[in-house]
Structures are given as structure tokens and as C-alpha cells.
Amino acid sequence: MGKKILAINPGSTSTKIAIFDDETLVNETGLDHPVSEMNKFPTTFSQLDFRYEVIMDYLKSINFDIHSLDACVGRGGYLHPITAGTYTVNDAIKHDLEIALNGDHAANLGGLLARKIGEQVGCPSYIVDPTAVDELQDVARLSGMPEIKRVSKIHALNMRAVAREYAKSIGKKMEDLNLVVAHMGGGCTTGALSHGKMIDMFNGLDGDGAFAPTRSGAVPVGDLI
């Protein structure tokens, strides 16, 4: 019997969850939240209890014993700039996610939901490769305007996962390769990975790079002004 892990990925109108036994997927589902329901909440943080109850109701409906969990892991949100990796959701991270330190986004709920469930069942809670991952080279911070510094906000979780899978498919490790990886979703970001480090990126979360379903992408500055 392997380690039982609950993974939580909150989006704007859904919460995706999955149960793993070590690396084997046991169950996954997307719990949809109607826009009319979400509009009742003034902030993303105020959705926490609602999403928690939806998750718990689903786990109960499939007769899953939450006390069998060894860990809970959530999508990481807008924290202080940090290097890629796995982090315990300690009091400092919990506080920064609650106050939406660097932006109000559904990703902030991942660590909070993991911690809330983990505290109930007595297991540790984690976030992995949050959107705040910042491993930029100094030159990548230059915007061309001294008043504005480029900031790393990127879909690091998905991009690093894809990089690992690609490396595995060719019999290598992510740390052995130089890669350009694109995330294509509601927002699109592109990053350069050098031996596992995300040294440059397009911050599609704030408008860089290509347009996307929920982002304009870069627009001509003169026309914008």
C-alpha cells in the first residue's frame, strides 16, 4: 500500500481534485461552480469554506476515508518570489495566501484548501511550483524602461510537469535539458528552462506574450496610450 495523496487544483469556476496511491491515479474529478454561485463571494479567499464543503461532499459520495490520507497538496498561488520546488503550507504561506499578497487568484486557494483538509485529518499539506516561481536571470528582469522591472508570474506547475514528462520520454532528466515550454490555457505563458531553472518567461498572467481566452497579450504601446 502506497502513500495516499489528495491533489487540489482550484480554477475560477471549478475545483479539480485527484486521489493518488503513490504515483498511481485512483480517482479524479472536476467539481464545477456556476458563475452565479461564485458571484456571491466578494473575494477569492471568501470562497474557501464553500469549496472545502464541495470537496468533502464529493469525497463522502465516493466513500473515501479522508483519514487514510498521508498528504494533501494544492496548486500554489501568488506568494513572495521563490524558487521552484515543494513547500509545506506553514503559517507564513497561509497568511500570504489569505491576504492575496501579490494578487487575488483562484490558485491562492490550493494551499489553503490543502492545509484546511490536512489539519482535519492530521496529515501534512504542501504546494508545488507555485505561480510565484522566480528563477530569472538578471538580464531577464530588464523591461527597457528603468521604472518597470519584469516580474516572474508563470504557470510553473504545469510547465515543469510537462518538461519532466518530455525528459522522461527521451530517457533523460529535466535537469539535463534546455527547453522552451508553453502553457496554453485561460492565460498563456512561455518559459525558458535551463537545466531545470526557469531563467526567462513571458508573464502572460499580466499581459505579456500571446493573447489568450482571458488575456489581451502584448498590444502596441503607442496605440494603447
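For the structure itself, look to the data block above.
Calculation rules
- Just so you know, the residues in each chain are numbered from 1, in the order the chain's sequence is written.
- Per-residue local features of the predicted model are confined to residues with pLDDT of at least 70, and side-chain atom pairs are confined, for both listing and counting, to 80 or more; whole-chain, interface and lining totals are unaffected and use all residues.
- The side-chain values count all of the structure's non-hydrogen atoms but skip hydrogen atoms and water molecules.
- Axis lines are fitted through C-alpha atoms, for helices just across the contact stretch, and the angle between N-to-C directions can take any value from 0 to 180 degrees.
- What counts as a helix is a DSSP run of H or I of at least four residues, what counts as a strand is a run of E of at least two, and both are numbered from the N terminus.
- Relative orientations are named as follows: roughly parallel for angles under 35 degrees, roughly antiparallel for angles over 145 degrees, roughly perpendicular for angles from 65 to 115 degrees, and oblique for any other angle.
- Crossing handedness follows the turn of the near helix against the far one: under a right angle anticlockwise gives a left-handed crossing, and clockwise gives a right-handed one.
- It only takes one pair of heavy atoms within 4.5 Å for two residues to be counted as in contact.
- We call Asp, Glu, Lys and Arg charged. Ala, Val, Leu, Ile, Met, Phe, Trp, Tyr, Cys and Pro are nonpolar, and the rest, Gly among them, are polar.
- Working definition: with a 1.4 Å probe on protein chains only, accessible area under 20% of the residue-type maximum means buried, over 50% means exposed, and in between means partly exposed.

Trainee: I'm lost on the packing of helix α3 (residues 91-98) against helix α4 (residues 108-121) in this one. Help?
Mentor: Here α3 crosses α4 at 135°, and the two axes come no closer than 9 Å. By the criterion of interaxial angle, the relationship of α3 to α4 is oblique. Every pair of crossing elements has a handedness; the one defined by α3 and α4 is left-handed. Side by side, α3 and α4 meet where Asp91, Lys94, Leu97 and Glu98 of the first sit next to Asn108, Gly111, Leu112 and Arg115 of the second. Its residues assigned to classes, the contact of α3 with α4 shows two nonpolar, two polar and four charged.

Trainee: So what exactly am I meant to see when it comes to unusual backbone geometry here?
Mentor: Despite not being glycine, Ala100 has its phi angle at roughly 50°, a positive value. Residue placement: Ala100 occurs in the loop between α3 and α4. A positive phi angle is found at Asp129, which is not glycine, with a value near 45°. You can see Asp129 is positioned in the loop between β6 (125-128) and α5 (156-169). Asp129 gets classed as buried once you look at its relative accessible area, which sits at 2%.

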